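A structural walkthrough
Here is how the chains run, residue by residue.
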Amino acid sequence: MSRIVFNHVHKRYGKYQEYAVKDFNLDVKDQEFLVFVGSSGCGKSTTLRMLAGLEDVSEGEIYIGDTIVNDIPPKERDISMVFQNYALYPNMSVYENIAFGLRMRKLPKHEIDLAVKRAARVLEIENFLDRRPKELSGGQRQRVALGRAIVRTPQAFLMDEPLSNLDAKLRVLMRSEIVSLHKKIGVTTIYVTHDQIEAMTMGDRIVVMEKGIVQQVDTPERVYNHPANLFVAKFIGNPPMNFIQGKLQENNGLLEFHTNRFSLQLTERQASQLRKLNLVDRVVILGIRPENISFEEIMLETYPHSIVNGIMELSEFVGSDRYYHMDIGMDKRFVARAHPRYHFDDGMRTSVAVDMNKALFFHKETEILLTD
């Protein structure tokens, strides 16, 4: 179990030395469960592979514990890795697959047997030890891959999209089992995924990446409620956050967000922060989560200065909620997430109240978050 540090790590490829990972800095705490998340090609798997020793570091240092591991071979880094495709040996039994790494280290036979059976017991695959991988379901094969990783206690577990080949129901089950397993074992774990739901539900902290650059490192709650910039705000959340451009204008001592269709009154805290940044009479971007847009009569009556009118385009029933898509003009659509009891015919005019306490404002040019 160890702390892991990336110190100004870069990865460049090809003739033109294009960056896959650029100036990556991160301090992973001992026993932390950290998740790298981002779209395909953002550099998350490349970063993990540099840590594992499967990719060379172009520049910078990677530490496992107090040791720089840049030039240490993968097998000597004392890490265990779980891959997307399980990477099981088809001609070996489950027992032999789990034991393989221990045999390569020439451990005594009785120690190997104890370790394999202990891992199988933790993962509830004791009854499958004599089977071959082709005789197992996808979830069972994934457990075997995890068993091969946890059969010993390495300094770190590295997991590269281990659940992406499973169906939706099994992914939900397995992600909770992986988190539970981490709590039992307590080994520092770095988990790579493109699935924001996995990132939000599994990680102690999340590293959001795009184009090889870290966009934000924080707890799931902070990343969701206080995204560092427009990219993070767009990437995290389902349905995505609503965005619209408007100008900040003073009105009788109050600061308002103006568009050519509606005006919204800012809170005192928001107004104070944006005035200090000299953004009055400047265009900014407002972001509001779908769950912070309300059809409730009491909200419409209580907050008359935060109302947006529009035309209902469609609604999507998703069980406990319904997503309401509303045309608010200016080639813009608001998506509200609310209780499915509301019913609107397509084309119906309606009004919603925006919870301005939850509204976020972003700089139009730099796209960084301006309010907290």
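The sections below set out a description of the structure shown in this document. (Residues numbered from 1 in each chain as written. Predicted model: local features only at pLDDT ≥ 70, side-chain atom pairs only at ≥ 80, totals over all residues. Heavy atoms only, no water.)

Section: the packing of aromatic side chains
Counted according to the given criterion, the structure contains twelve aromatic pairs. Relative to Phe 100, the ring of Tyr 89 has its centre 4.8 Å away and its plane inclined at 50°; by these criteria the two rings are tilted. Of this pair, Tyr 89 sits in the loop between strand E6 (79-82) and helix H2 (94-104) while Phe 100 is found in helix H2, placing the two residues eleven residues apart along the sequence. On the accessibility criterion, Tyr 89 (34% relative accessible area) is partly exposed. Between Phe 295 and Tyr 342 the ring centres are 5.4 Å apart and the planes differ by 45°, which places this aromatic pair in the tilted class. Here Tyr 342 lies in the loop between strand E18 (332-338) and strand E19 (349-354) and Phe 295 lies in the loop between strand E15 (293-294) and helix H10 (297-302), a separation of 47 residues in the sequence. Here Phe 295 falls in the buried class, since its relative accessible area comes to 7%. Judged by relative accessible area, Tyr 342 falls into the buried class, the value being 15%. An aromatic cluster of three or more residues is present, and its members are Phe 295, Tyr 324, Tyr 342 and Phe 344. Positioned over the ring face of Tyr 19 is Lys 22, at 5.1 Å from the centre of the ring. Stacked on the ring of Tyr 224, the Lys or Arg Arg 289 has its end atom at 4.0 Å from the ring centre. (Phe/Tyr/Trp six-rings, centres within 6.5 Å; stacked < 30°, edge-to-face > 60°. Helix = DSSP H or I, 4+ residues; strand = E, 2+ residues; numbered from the N terminus. Buried < 20%, exposed > 50% of the residue type's maximum accessible area, 1.4 Å probe, protein only. Lys NZ or Arg CZ within 6 Å of the ring centre and 35° of its normal.)

As for helix H4 (residues 138-150)
Taking 1.5 Å per residue, 13 residues should reach 18 Å; H4 reaches 18 Å between its end C-alpha atoms and fits that length. Where burial is concerned, most of H4 is hidden: ten out of the 13 residues are buried. Burial in H4 covers these residues: Gly 139, Gln 140, Gln 142, Arg 143, Val 144, Ala 145, Leu 146, Gly 147, Ala 149 and Ile 150. Looking at the packing, one finds that the buried side of H4 touches E6, H2, helix H3 (109-123), strand E7 (156-160) and helix H5 (168-185). (Expected span 1.5 Å × (residues − 1). Contact = heavy atoms within 4.5 Å.)

Brief notes about the pattern of salt bridges
The full count for this structure, using the stated rule, is 15 salt bridges. Between Glu 59 and Arg 12 there is a salt bridge whose closest N-O contact spans 3.3 Å. Separated by 47 residues along the polypeptide, Glu 59 in strand E4 (residues 59-64) and Arg 12 in strand E1 (residues 4-13) bring together distant segments of the chain. Residue classification places Glu 59 among the partly exposed residues on the basis of a relative accessible area of 39%. Residue Arg 269 is joined to Asp 372 by a salt bridge in which the shortest nitrogen-to-oxygen separation is 2.9 Å. A residue pair is termed long-range when its members are at least 10 positions apart, and Arg 269 in helix H9 (residues 268-276) and Asp 372 in the segment after strand E20 (360-363) qualify at 103 residues. (Salt bridge = Lys/Arg side-chain N within 4 Å of Asp/Glu carboxyl O.)

Describing unusual backbone geometry
Pro 239 follows Asn 238 through a cis peptide bond whose omega is 0°. Positionally, Pro 239 belongs in the loop between helix H8 (230-235) and strand E11 (242-251). Of note in this structure, His 8 is not a glycine but carries a positive phi near 50°. Tracing the backbone shows His 8 in strand E1. Phi at Asp 78 takes a positive value of approximately 55°, unusual for a residue other than glycine. Note on placement: Asp 78 falls in the loop between strand E5 (67-68) and E6.

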